[in-house]
Each structure stands twice: as C-alpha cells, then as structure tokens.
Amino acid sequence: MAKNNTQQEELLGRKPPGWLERQLGTEAYRALRGMATNPISVIGTLLLAIFLFVAIAAPVLAPPAHTNDPYQIPRDGYGQVPKPPGTEWRTRQPPLPFWWKAVTGKDNWIHIMGTASGQWDIYYGVVWGTRTALRVGLVITIITAIVGIIVGSVSAYYGGTVDIVLMRIVEVFIAFPFLPAAMTLSAVLTPIIGRGLFPPMIAIIVFGWTGVARLLRSDVLSVREREYVLAAKVIGVSDARIMFRHILPNAIFPTLVWASMRIGSLVITFAALSFLGIGAEVGYADWGQLLSFARDWMTQLGEYWYIVTFPGTILVLFVLAWNLVGDALRDVLDPRLQGSR
Amino acid sequence: MVNYVIRRLLLVPLILFGVTVLIFGMLQFLTPVERSALYVRDIPKNERALEGVIKQYGLDQPIPVQYWKWLVGTRDPHTGEIRGGILRGDFGYSRTASEPVADLIKRRFPATLELALWAVLPVVSGGVILGVIAAVNHNKPIDHIARIFAIVGWSFPDFVFGLLVLMFFYADLKWLPPGRVSDWANQVIMSPEFHNYTKLITLDALLNLRLDIFWDAVRHLILPVVTLSYLWWALQMRVTRSSMLETLRQDYITTARSKGLAEKVVIMRHALPNALMPVVTLGGSTVVGLLGGVVIVETVFDYHGMGLAFAAAAVQLDVITVLAFTLLNSLIMVVAYVIVDVLYAYIDPRVRLD
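Rules of the game
- Residues numbered from 1 in each chain as written.
- Chains lettered and ligands numbered in written order.
- Predicted model: local features only at pLDDT ≥ 70, side-chain atom pairs only at ≥ 80, totals over all residues.
- Heavy atoms only, no water.
- Helix = DSSP H or I, 4+ residues; strand = E, 2+ residues; numbered from the N terminus.
- Buried < 20%, exposed > 50% of the residue type's maximum accessible area, 1.4 Å probe, protein only.
- Areas by Shrake-Rupley, 256 points an atom, 1.4 Å probe, with all protein chains shown as cover.
- Lys, Arg positive; Asp, Glu negative; His and termini not counted.
- Charge placed at Lys NZ, Arg CZ, Asp CG, Glu CD.
- Contact = heavy atoms within 4.5 Å.
- Salt bridge = Lys/Arg side-chain N within 4 Å of Asp/Glu carboxyl O.
- Polar contact = N/O pair within 3.5 Å; in protein donor to acceptor, adjacent residues only side chain to side chain.
- Nonpolar A, V, L, I, M, F, W, Y, C, P; charged D, E, K, R; others polar.
- 1 Å grid on protein atoms, 1.4 Å probe; cavity = no way out; pocket = protein on both sides within 12 Å on 5 of 7 lines; lining within 4 Å.
- Points joined across faces, edges and corners; volume = space filled by probe spheres on them.
- pLDDT = per-residue confidence, 0-100.
- Domains from an automatic or database assignment.
- Buried area = accessible area lost by both parts, 1.4 Å probe.
- Expected span 1.5 Å × (residues − 1).
- Bend = angle between axes of the 7 residues up to and from the residue.
- Patch = residues over 30% accessible without salt bridge, like charges linked within 9 Å, V, L, I, M, F, W, Y side chains within 5 Å.
- Phe/Tyr/Trp six-rings, centres within 6.5 Å; stacked < 30°, edge-to-face > 60°.
- Lys NZ or Arg CZ within 6 Å of the ring centre and 35° of its normal.
- Core = buried A, V, L, I, M, F, W, Y, C linked by side-chain atoms within 4.5 Å.
- Axes fitted to C-alpha atoms, helices over the stretch in contact; angles between N-to-C directions.
- Parallel < 35°, antiparallel > 145°, perpendicular 65-115°, else oblique.
- Left-handed = near helix turned anticlockwise from the far one by under 90°.

Student: Which residues make up the overall build of chain A, and what are the values?
Tutor: The secondary structure content of chain A amounts to 16 helices and zero strands. Taking the principal axes of the C-alpha coordinates as reference, chain A spans close to 75 × 55 × 35 Å. A burial count over chain A gives 53% of its 341 residues as buried. When the accessible surface of chain A is totalled, it reaches about 15,800 Å², and 64% of it is carbon and sulfur. The centroid of the 28 positive side-chain charges in chain A is displaced by 3 Å from the centroid of its 22 negative side-chain charges.

Student: Outline the overall build of chain B, supporting the account with residue identities and numerical values.
Tutor: When helices and strands are counted, chain B shows 16 helices and four strands. The principal-axis extent of the C-alpha atoms belonging to chain B is close to 85 × 55 × 35 Å. Long-range pairs, those at least 24 residues apart, make up 66% of the contacts in chain B between residues at least 6 apart in sequence. Just so you have it, chain B exposes about 17,300 Å², and 66% of that area is on carbon and sulfur atoms. For chain B, the centre of its 31 positive side-chain charges and the centre of its 28 negative side-chain charges are spaced 6 Å apart.

Student: Help me get a handle on the interface of chain B and chain A, residues and values and all.
Tutor: At the junction of the two partners, chain B supplies 53 residues and chain A supplies 53 residues. At the surface where chain B touches chain A, the tally comes to one salt bridge. With a shortest N-O distance of 3.6 Å, Arg-8 of chain B and Glu-171 of chain A are connected by a salt bridge. Connecting chain B to chain A are three residue pairs in polar contact (both at pLDDT 80 or more). Breaking the side of chain B that touches chain A down by element, the ones donating at least two residues are helix H1 (2-27), helix H6 (141-155), helix H7 (158-172), helix H10 (211-248), helix H13 (277-300), helix H14 (306-315) and helix H15 (319-347) of chain B. Tallied by class, residues from the side of chain B that touches chain A come to 38 nonpolar, nine polar and six charged.

Student: For the layout of surface pockets, give the residues involved together with the corresponding values.
Tutor: Residue and element names in this part refer to chain B. Of the pockets and cavities examined, the second largest pocket occupies roughly 920 Å³. Forming the walls of the second largest pocket are 35 residues, and the residues nearest its centre are Val-120, Gly-283, Thr-286, Val-287 and Leu-290. Every element with two or more residues in the lining of the second largest pocket is listed here: helix H5 (101-136), H13, H14 and H15. Residue composition of the lining of the second largest pocket, by class: 28 nonpolar, seven polar and no charged.

Student: Provide a residue-level description of the confidence of the model for chain B, including the pertinent values.
Tutor: Low pLDDT marks stretches whose predicted atomic positions should not be read closely. Put simply, chain B has an average pLDDT of 85, and 99% of its residues get 70 or more. The element-level mean pLDDT for chain B is lowest in helix H16 (residues 349-353) of chain B, coming to 65, with H14 of chain B highest at 92.

Student: Just give me the short version of the domain arrangement of chain B, but keep the residues and values in it.
Tutor: All names here are of chain B. In terms of domain boundaries, chain B breaks down into domain 1 (2-93) and domain 2 (99-353). Facing 23 residues of domain 1, the contacting portion of domain 2 comprises 19 residues. Across the domain 1/domain 2 interface, buried area totals approximately 1,800 Å², and carbon plus sulfur atoms make up 83% of it. Among the ionic pairs, Arg-8 bridges to Asp-341, the shortest N-O distance being 2.6 Å. Linking domain 1 with domain 2 are two residue pairs in polar contact (both at pLDDT 80 or more), by the criterion used here. Among the elements that take part in the side of domain 1 that touches domain 2, H1 stands out by supplying 12 residues, more than any other. Residues that form the side of domain 1 that touches domain 2 fall into these classes: 16 nonpolar, three polar and four charged.

Student: Provide a residue-level description of the pattern of salt bridges, including the pertinent values.
Tutor: If the charged atoms of two oppositely charged side chains come close together, the side chains can form a pair. Scanning the model with the defined rule gives nine salt bridges over all chains in all. With a shortest N-O distance of 2.8 Å, Arg-257 of chain B and Glu-263 of chain B are connected by a salt bridge. On the basis of relative accessible area, Arg-257 of chain B is assigned to the partly exposed category, the value being 36%. A single salt-bridge network, built from bridges that share partners, covers Arg-168 and Glu-171 of chain A together with Arg-8 and Asp-341 of chain B.

Student: Any details on helix H7 (residues 122-158) of chain A? Residues and values, ideally.
Tutor: Residues and elements named next belong to chain A. Along its 37 residues, H7 runs 52 Å from first to last C-alpha, staying within 8% of the 54 Å computed at 1.5 Å per residue. Along its length, H7 reaches its greatest deviation from straightness, about 30 degrees, at Trp-128. N-cap assignment for H7: the residue whose side-chain oxygen lies 3.2 Å from the backbone N of Tyr-124 is Asp-121. Directly beyond the C-terminal end of H7, a positive phi value near 60 degrees is found at Gly-159.

Student: Can you lay out a nonpolar patch on the surface for me, pointing to particular residues and giving the numbers?
Tutor: Residues Leu-138, Ile-142, Ile-146, Ile-150, Val-154, Tyr-158 and Val-162 of chain A make up a contiguous nonpolar surface patch of roughly 600 Å² in combined accessible area. Tracing the chain through its elements places Val-162 of chain A in helix H8 (residues 160-174).

Student: Summarise the packing of aromatic side chains; cite the residues concerned and give the values.
Tutor: Taken as a whole, this structure holds 28 aromatic pairs over all chains when the rule is applied. Centre to centre, the rings of Phe-156 of chain B and Phe-161 of chain B are 5.9 Å apart; their planes meet at 85 degrees, and the pair counts as edge-to-face. Across the pair, exposure class does not vary: Phe-156 of chain B and Phe-161 of chain B are buried alike. In textbook terms, an aromatic cluster arises when at least three aromatic residues are bridged by ring pairs, as seen for Trp-297, Tyr-304, Trp-305, Tyr-306 and Phe-310 of chain A. Sitting over the face of the ring of Tyr-71 of chain A, Arg-135 of chain A holds its NZ or CZ atom 4.7 Å from the ring centroid. Above the plane of the ring of Phe-178 of chain A lies Arg-262 of chain A, whose end atom (NZ or CZ) is 5.3 Å from the centre.

Student: So what about the nonpolar core? Which residues, and what values?
Tutor: Of all hydrophobic cores here, the largest spans 181 residues; its most connected members are Met-183 and Leu-315 of chain A together with Trp-70, Phe-159, Leu-163 and Met-244 of chain B. Top contributing element to this core by residue count: helix H16 (residues 305-333) of chain A, with 13 residues. Lining this core are residues from two domains, each supplying at least three of them: domain 1 (2-93) and domain 2 (99-353) of chain B. Every residue in contact with Trp-70 of chain B, bar those within four places of it in the chain, is listed here: Thr-20, Ile-23, Phe-24, Leu-27, Leu-38, Tyr-39, Gly-85 and Ile-86 of chain B. Membership of the second largest hydrophobic core comes to 15 residues, among which are Ile-242, Met-243, Ile-247 and Ala-251 of chain A.

Student: Can you break down the packing of helix H4 (residues 39-56) of chain A against H7 of chain A residue by residue, with the values?
Tutor: Helix-helix packing is described using two parameters, namely the angle between the two axes and the distance between the axes. Residues and elements named next belong to chain A. Packing of H4 against H7 leaves a shortest axis separation of 8 Å and a crossing angle of 110 degrees. In terms of orientation, H4 lies roughly perpendicular with respect to H7. As for how H4 packs across H7, the hand of that crossing is left-handed. Between H4 and H7, the residues in contact are Phe-51, Leu-52, Val-54, Ala-55 and Ile-56 and Val-127, Thr-130, Arg-131 and Leu-134, respectively. In terms of residue class, the contact of H4 with H7 is made up of seven nonpolar, one polar and one charged.

Student: Report on unusual backbone geometry, specifying residues and quantitative values.
Tutor: Residue and element names in this part refer to chain B. Phi is positive for Ser-98, which is not a glycine, with a value near 45 degrees. Tracing the chain through its elements places Ser-98 in the loop between strand E3 (93-94) and strand E4 (99-100). On the accessibility criterion, Ser-98 (57% relative accessible area) is exposed. For Asp-302, which is not a glycine, the phi torsion comes out positive at approximately 50 degrees. Mapped onto the secondary structure, Asp-302 falls in the loop between H13 and H14.

Student: Requested: an account of the side chain of Arg-241 of chain B, with residues and values cited.
Tutor: All names here are of chain B. Structurally, Arg-241 can be placed in helix H10. A relative accessible area of 10% places Arg-241 in the buried class. What Arg-241 contacts, discounting residues up to four positions off in sequence, is Gly-131, Ala-134, Ala-135, His-138, Asp-143 and Arg-147.

Set out below in structure tokens:
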C-alpha cells in the first residue's frame, strides 16, 4: 500500500515525503516550508533573532553602571542640553565593554547614540529597552490570550445564558477605545500600586482580551458542531476533556496567528503610554520613555535628531519584525489565502 | 431590517449601563476625599469640613446609593441647587484645568472635532482607493509596493511617525508648524471683528472671508491629519485588497467579463460594492483608532484639543477628569458601533433578511 502511494506520487510528479515531513506530519511540514521559503517571514525571523540576541547580550553590549538595577539608564551629569552621538563620557562612566578596544582601539567609552536631556545615555536605553519590550510584549500577549481563550471557549461551549452574559460583557469592554481606556486605568492604578511597568501592563490586559475572546468563540462554535465532538459527548466524555482535547486544539490556530500579529501593536500601545508619561519612571530603559525626552525639544528636533531617530527606528523595526512573522504565518496557515499570492 | 435595527438599539441602554458601572467601579479606587471633587470645587483642607463634605454628598454611603447619586447628582441642603450627576452633564471639577470638567470639554471639543473632520475623508477614502488599485494590479510592482506600504505603515507607531514628520517639515524645512494657528492669526480670531460662528477655525475663516487665516489653519492641520490617517490607510488598504481579490475570483465576475462588459464597469459596479462590505466592519475599529490617535497626535503637535487635555490629566493622575473623558469616548464608541451595524445591515441583504 505504501509502495503504491509512492508510485502514485511519482506519477503525479511529487517527491515522496522526506524525513522532516514524516516527523512533523504534512500540515505542519507545509507550514514550516512555507515560512522558510517566504522572503517576508525570513526577514521577520532574522530581525527577531537579532533582537533576541541584543536582549540576551545586553550586559555585554552595554555593561550596566548599577549592577543591582541594570534597567536604570546611566547618566553623564545632569545637563539639560542633549549631546550628539560620539561625545565622550565625562562623569561616572560605566564599565567599558571588552570588545570596545578591540573594535575601535580607544580606551574611553563614548555615547554611541548621544544623550537625551538630563544626559541619559540613549544607546544604553535602546539596548536594555529591547529586554523591556520583549518582556512586556510577551507577558501582555500571553495573559490577554489566556483570558480571551478562557472566556471565548466557555462562552461558545456552554452557549445560552452564559454566552449572552459573557458577550454583553465583551461589548461593554469594547465600548472603551483601547488607548484612552488603557491610559485611564493606568492613571487609576498608579497611585495604588506605584509608578512603574505594572499599571500600564495591567491596564492593557484588562482592555485587550476581548478580541481573542470573540475570535476564539466563533471558531469554537464551528468546531463544536463536528461529528467527533458529538461522538465524544455520546460516550460520556467530560466537558473539560471535550473542550481541551477535542475542540480547542482544532480551533486555536487562528487565535495563535492573531496573537503573534498582536504583539507588535501591544508593544506600540505600551510605548505610547510611556511616551505620554504614563508608565515606566524617568530613566527606566524603555523605548517609549526614551522617545518622551523628545517632547522637550519639539521645535529643535532638526538639531537633536538622535533623540527621536534611534529609539524610533528600533521600535519600528521591532514591531515590523513581529508583523512580518505574523503576516507570513497567517498566509501559510489560512488555506483560503493560498493561491491568491 | 427594521427588526434587526430595533434589536440592536435595545442593546444600547444595556451597554451604556455596563459602561457607567465600569467607570463607577474605577472611581471606587479613589478615596472619598478625592471623589468629593465630583461635587465641590475646592476640597477643604481642614478635617471637620472634609467630614461635612463627605457626609453631605453621601460619599460614605452604600455603593448602589453612591452610584445613583453619581448618575443624577445630589441636592445641596443649604442652597437647594443640584450638584454633580453625570446625566445632567456635570462631571465634577478638574484639578489640572482648575475648572468644571464640562467647561473644559466644551472649550476643547471644537478643536478636536475640526481635526477629526479633516481626517475623516482621507482616512476613509485613501485606503480603499489604494486597496482597489493594488487588487486590480495583482502581483504587479504597484501591488508589491502597496503591500510593503501596508505592513510598514501598520508597524509605524503614530507618535514616532509624528515626531519624524515634525523633525523634517518643521525643524528642518520650517514648512509646517505645530500648534493650531500662528500667534498673529490667533490675535485676529480673538478680535471682536472676527465672528466665531462654529468655533471650527477653518470654517469660521471662510465665513469671515479671511483666506489668510484659513490657509494658516490648514498649514497647521496638514501634519496632524496625515499622522492620524496613514495608519488607517495601511489597514483599510490591506482589507480592501484581500476582499477585492476574493470577490474578483467569484463566478459572477467571470460572467460579467464574458458578457463583454468593460473592465472598469466590472470593477466599479460589480466587484467593488461587494468587496467593500468587510471594509465597513472596520468602521468601529477606525473610530477606536481615531479616539486614541487624537490623544497622541494632539500631544505630539501641541494641538490644544480634548486629546491633549486628556493626556495632561492622565499624566497628573487627575482621575475625575480622565474618567469624564472616558465616559464621553465610550458614548461616541457606542453610537459609532450602532451606525456601523445599521449601515452593514443596509448594504448586506443577508443581515437584513436574517
């Protein structure tokens, strides 16, 4: 039988499945091959790999001045006027990275990307900000996805009153425009839990789960009607087991794609809150916070271009990387889109 | 259709109730002292007077009672006038603006409305046109450029974009300044000869036949409007393109072509109306984006509208003001969703007959 299949495939001009395809199964293999051959996803993955490297190598790329609190950006004095890239460190110079002398042959550490007002070192903030962005993006996305998955699947599986009540609650939450709502809740929470990353993160999670819930609900609704679910019910499988073993694995793919595409916009929202001055305290290594320094120099940005350009470009590339990967993933996993490209 | 619309409208009070409960819930994170700003201008410093205020406005009473008072206000026993009550349009006193929140909103609203009105047309039309062009030229260079624009544009945070255009077009080139109008124009607007009919400066300038003021206001609006719109071009372009591609593969399009209809007629008359349906559903998220975008854009361009006041209040943790703006925002959202739903039912017969 197996031989027969191979012959058929040869006749059709197809190659027999290779080792990797046999290991992963046809579906997953095709998705993986789609990802590896699509230039868009290759660029995205490459960019993400670079960011991951920067995050991991942060202590080597920009050795911290305060070892017990590495997220605190070191500052070179307290002067208000930003200094351009290439200026030498004058006061309280952090330890020199070992590769610096080998690459440039110099003995003194410089402000590679200049300083912002208050003499915060932009390069340090950009490097350590990568860690903040990854951490914040992943934590928010994972928690919103979990909340959304629970609400969406419970709502769709039980239906009836449960569904109606949960969906009305979702509608109340989406009546709040996302960014202003997140700003509001952070402003409410800040006096209670103190300034820092937590108020904006909690706020984004509270107003961010509704999309997942709706998406998963509609997918679970369609899977719920399949025969194998009915069969499982008939033989007396428990609700939880049907949900987690039979329905969710078959309904969850669009949600995962959605989550990967969502990381980018959640990081933007978090950065926007920091930029507006809600969120990380001044001097915390966070891109939005770095960009907020530009607000002091709105009319002289031509002269102090480096305050905007460096953190801004990095933020755009980071979001772009996630969006490219998510976009490619969607194209590969959505069979309706196959052939349209 | 009528049935559908009625069912939709019946949900509105329910959702509004949920919205007020959520906002009232957030208010409960404040201490009674902070909440007294809902009713009195100056929170008294001395403890006895403070006790009196809390007693008088029932800030120590059970939560349902407080919720009711928050909705309809309470009567001052000495003067007999009603204080507070969001249903009466009284949102309390803004600490950051040192005036009643309602006055702040009234003063700042026209500026934001003007910005939003100027942004609506490019927001709605730009992306759709790009999407149709991209779909019709499927897999040609123009399609690839449009797709790259869509994904890069969507990855570009509006505040970074705003800072960059401000850097090029103001700081470097000195073409397009931030703010709402120049100082000289502001003096003219404040002068008695200038009639403020609508408080929308561009419109008033035209009504007063002052083209120089109009041009000045437009120059200040260009960058904020572009910053507010480009994100939505990217999103709508993407949706229009894929929906158009899907529609163009349908049998009835092949039929129309084989009948010998001109390609232009096939695209504009047969394909586009159907392809636009998913775009209409973006209406809700576009309004979400505009309400958020306004906060960012007004902050970046120092444009004195509601968004800037909201951001300033949020940074200074003036929760009373912030929550009033949030309430207004959700009101706008609920109305927008109803309009989108009705519009959708109107253009899609499948919903109408359901």
